[in-house]
Amino acid sequence: MKNITVIGAGTMGNGIAHLFAMKGYAVSLLDISEDALARGLKTIDKNLDRMVRKEILTEQDKQATLDRISTFTSLPAAVEKAELVVEAATERVDLKLDIFRELDKAAPEGIILASNTSSISITRIAAVTQRPERVIGMHFMNPVPIMKLVEVIRGYSTSDEVTDQIMELSRDLGKTPVEVNDYPGFVANRILMPMINEAIYSLYEGVAGVEEIDTVMKLGMAHPMGPLQLADFIGLDVCMAILKVLQDGFGNPKYAPCPLLVNMVTAGKLGAKTGEGFYAYTPGSKDLKVAYQR
């Protein structure tokens, strides 16, 4: 594989494009508007600059990486030469199904169609295509260029050949792939999201404050980041969407999002990306200040 298409220039999409381009692949980055693409490229440029400052890359490496990325707003044009498509759109079932219906019409035969979904059924996504054996989950962790794990999710019909190719490709990217089967939340979010939800319940019920909850998990459980800060980093809307997938998929009320989480999402307090969640975020500052007051 030399030609990769990434659908979505947001947080995960621009990270995936950055990674593939940095590793020498030609990347076609697709989004719905030139503005969205410009924001994605700006983030990639900023993150590459950080790698140059840390002497992970040279200036020449940075420019070569950027030169390998082409941008598109037309799906047929973006997938014309693709050997692999990685969809990284918003974590919404309806949107992903629509994208894969269109991909099935536009993408050449024989290519692999992957989704970066963190919780939505690969089997369900594959079922809207005429090539379910070539649909697979490729769940990267954020920030993509740094985090080592890739969850490789086999749908009901995903072939051994496609699974083996994606496992090998992930290793070539310098990642550690872990093969998992297609059940709600897979492994990472089936374990992580109930923990985050329970941390929010602990705050909601007045057990402890934001900093206290995060400090217990950092110092007591050796987590690099507390669950409330991590929720802000992931996006509270994304956390809620994943919990609803788990709740619907298992039919178990224990996965229901905490009412506080629902209220914060409704109020538009989505975490770092909106400047406020459980903490307040100031551009250019690493200082954390608690924003949520009971």
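Residues numbered from 1 in each chain as written. Predicted model: local features only at pLDDT ≥ 70, side-chain atom pairs only at ≥ 80, totals over all residues. Heavy atoms only, no water.

**Here we look at the overall build of the chain**
Piece 1. Counting its secondary structure elements, the chain contains 12 helices and 10 strands.
Piece 2. For 294 residues, the compact-globule estimate of 2.2 N^0.38 gives 19 Å, and the chain sits close to it at 19 Å.
Piece 3. With the principal axes as the frame, the chain shows a C-alpha extent of 55 × 45 × 35 Å.
Piece 4. Looking at the chain as a whole, 47% of its 294 residues are labelled buried.
Piece 5. Sequence separation of 24 or more characterises 65% of the internal contacts of the chain that already satisfy a separation of 6 or more.
Piece 6. If you average the places of the 31 positive and of the 37 negative side-chain charges in the chain, the two averages end up 3 Å apart. (Helix = DSSP H or I, 4+ residues; strand = E, 2+ residues; numbered from the N terminus. Rg over C-alpha atoms; globule rule 2.2 N^0.38 Å. Buried < 20%, exposed > 50% of the residue type's maximum accessible area, 1.4 Å probe, protein only. Contact = heavy atoms within 4.5 Å. Lys, Arg positive; Asp, Glu negative; His and termini not counted. Charge placed at Lys NZ, Arg CZ, Asp CG, Glu CD.)

**So, the UniProt feature "binding site: NAD(+)" (unreviewed entry) in the chain**
Piece 1. This chain's UniProt record puts "binding site: NAD(+)" (unreviewed entry) on G8, A9, G10, T11, M12, G13, D31, E91, K96, S118, N142 and K273.
Piece 2. Secondary-structure assignment places E91 in the loop between β4 (84-87) and α5 (93-106).
Piece 3. Given a relative accessible area of 15%, E91 falls into the buried group.
Piece 4. With residues up to four places along the chain from it excluded, the contact list for E91 reads K96, T117, S118, S119, I120 and A241.
Piece 5. A polar contact of 2.8 Å, which involves the side chain of E91, links it to the side chain of T117.
Piece 6. The topology assignment puts S118 in the loop between β5 (112-115) and α6 (122-126). (UniProt positions renumbered as here; feature names shortened; annotations may be inferred. Polar contact = N/O pair within 3.5 Å; in protein donor to acceptor, adjacent residues only side chain to side chain.)

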